[in-house]
Amino acid sequence: MTEYQPTAPYRGTRDFLPDEMSVRTQVFHRLYDVIERFGFRRYDGPQLEPAEIYEAKSGEEIANQQLYTLTDQGGRRLALRPEMTPSAARMVAGNAGSLQFPVRWYSHPNCHRYERPQRGRVREHWQINVDIFGSEAASCEIEMFELIDSMMRSLGADEDTFVIRVNDRQVLSAALTELVGVRTDQLGEVFALVDRWEKYDSERLAADAAEIGLDDKQFAGLTDVLAAGTSLLDELPAEVTGNSNVVRALRSSSAGLIRFDPHIVRGLAYYTSTVFEVFDTSGENNRALFGGGRYADLAGLFTPKQIPGIGFGMGDVTLFDFLDTHGLSPAPRSEVDVVVIPVTAELDDAARTVARTLRTAGLRTSVPLEPRKLGKEITRADRAGARAVVIVGAEEWQDGTVTVRDLGSGNQRQVPHEEAAETISTLLGTDR
RNA sequence: GUGGGUGUAGCUCAGUCGGUAGAGCACCUGGUUGUGGUCCAGGGGGCCGCGGGUUCAAGUCCCGUCACUCACCCCA
């Protein structure tokens, strides 16, 4: 017996059939529209990059376990990009001489990570990346928060369905060293502990803290710091809070969009101060929808020029989990507006003539590709989402007329074929 | 990489005490010439995930394996 290849896509990757693609396209276009309204311009780059650019910066987990690598025929080690930021940094560094900083850029690449698929996580995802390069101003943070809020609103999300939680690693570091007495060399491990704080019970947290070398009093102090919320800022010296863009954002008119939260640290090694994550408030999606942060010198791998930046990545998997949870995914768009049906095969050419004028008028129009009975063809047109059909019959065609039938009401009338487009446009209204 | 759950028609699922495969939906055709949705009749579709074992007999029991899925790790 013949062995057939499997039809399912490779583990952790997805096919997008037209209905699903239509939903995705609508959502993404709303987001692109909002992002561009904030003055960001779209860029793109290769899926393949030298493996080294990820091994240097992205954090050990990604480089060691999650990277798809290959060797090209010239022996070069390449990787499927696991994220876009290093590519963006490479492009910015390579063109730094001609760019007018600060630049606002966005992209929508597919990214690959080798990991076990689960809710919110697959091996290939499409991630909208939004970055500002070349500025350290707090305005960057504020613009990001405004943008994120506008993006979520554009998808129909109410303010109580999501929350932007914000922290500053510099502030947290100061709190840990000055209020808890954490040594500088312990900071990395304590950050990792903070990152999983809300997932573990207190016993496990205490055990992990002890392993890092914190005593009971320090563990209690750490617990207090994380629970403090905004009041933590009052306990820190002014030279710490005075330098924080997060604090500046909290004192701006945009403060209502965000919530200061010491728990947020994020895993990626290159974030240096501001970090933020967007969460679903419903409890259905326990991981962050998306997040980002500020990096003091991301392009350092490519150029001696110090180029700071801030940005975030919004993954499609968690985004659609959110939209589906809240009933916000749009319906797929219909296949066509109108189908032109010839009653007999001899009228195929006449139908095509009519279709030509409808298409010129901007109507999405199809003509049956195979002969079928009129009733069958009307059924198919209805299922394809057509709002109307044009029936081309022998006698009417000799008179230069066709029948326009409204599939919603079942009403139909005979019109000169040149007027069919106008008749249908009126029928469809202005919502096309 | 670790642990749990689930694999039967395109989809959702049933299948008793082991006895050789079913429903609903979807799809196709017909119900007379050029009119859809409802209704009626008919039809196509199944390596029961895969391999092995037990048995006269396995969708069903046992072992292995693969896939999907949820969680852990980590992260978008």
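Conventions and cut-offs
Residues numbered from 1 in each chain as written. Chains lettered and ligands numbered in written order. Predicted model: local features only at pLDDT ≥ 70, side-chain atom pairs only at ≥ 80, totals over all residues. Heavy atoms only, no water. UniProt positions renumbered as here; feature names shortened; annotations may be inferred. Pairing = 2+ DSSP bridges. Helix = DSSP H or I, 4+ residues; strand = E, 2+ residues; numbered from the N terminus. Contact = heavy atoms within 4.5 Å. Axes fitted to C-alpha atoms, helices over the stretch in contact; angles between N-to-C directions. Parallel < 35°, antiparallel > 145°, perpendicular 65-115°, else oblique. Nonpolar A, V, L, I, M, F, W, Y, C, P; charged D, E, K, R; others polar.

Named according to an unreviewed UniProt entry, chain A is Histidine--tRNA ligase originating from Haloechinothrix aidingensis. As its UniProt record puts it under Catalytic activity (unreviewed entry), chain A is described as follows: "tRNA(His) + L-histidine + ATP = L-histidyl-tRNA(His) + AMP + diphosphate + H(+)". The heading Subcellular location (unreviewed entry) in the UniProt record of chain A holds the text "Cytoplasm".

Pairing is mixed across the open sheet formed by five strands, whose spatial order is β14-β13-β15-β16-β17. Single-partner strands in this sheet number two, and they are β14 (365-366) and β17 (412-416). Here strand β13 (residues 338-342) pairs with strand β15 (residues 388-392) via five bridges, running parallel. Along β15, the bridge assignment pairs I341 with I391. On the sheet, helix α14 (residues 374-383) packs against β13 and β15 and is oriented at approximately 170 degrees with respect to β13.

Okay, the packing of helix α1 (residues 18-37) against helix α12 (residues 316-325) next. The geometry of α1 relative to α12 is characterised by a closest axis approach of 12 Å and an angle of 100 degrees between their N-to-C directions. With respect to α12, the element α1 is oriented roughly perpendicular. Contact residues: V23, R24, V27, F28 and L31 in α1; D316, L319, F320 and L323 in α12. Across the contact of α1 with α12, the residue classes break down as seven nonpolar, no polar and two charged.

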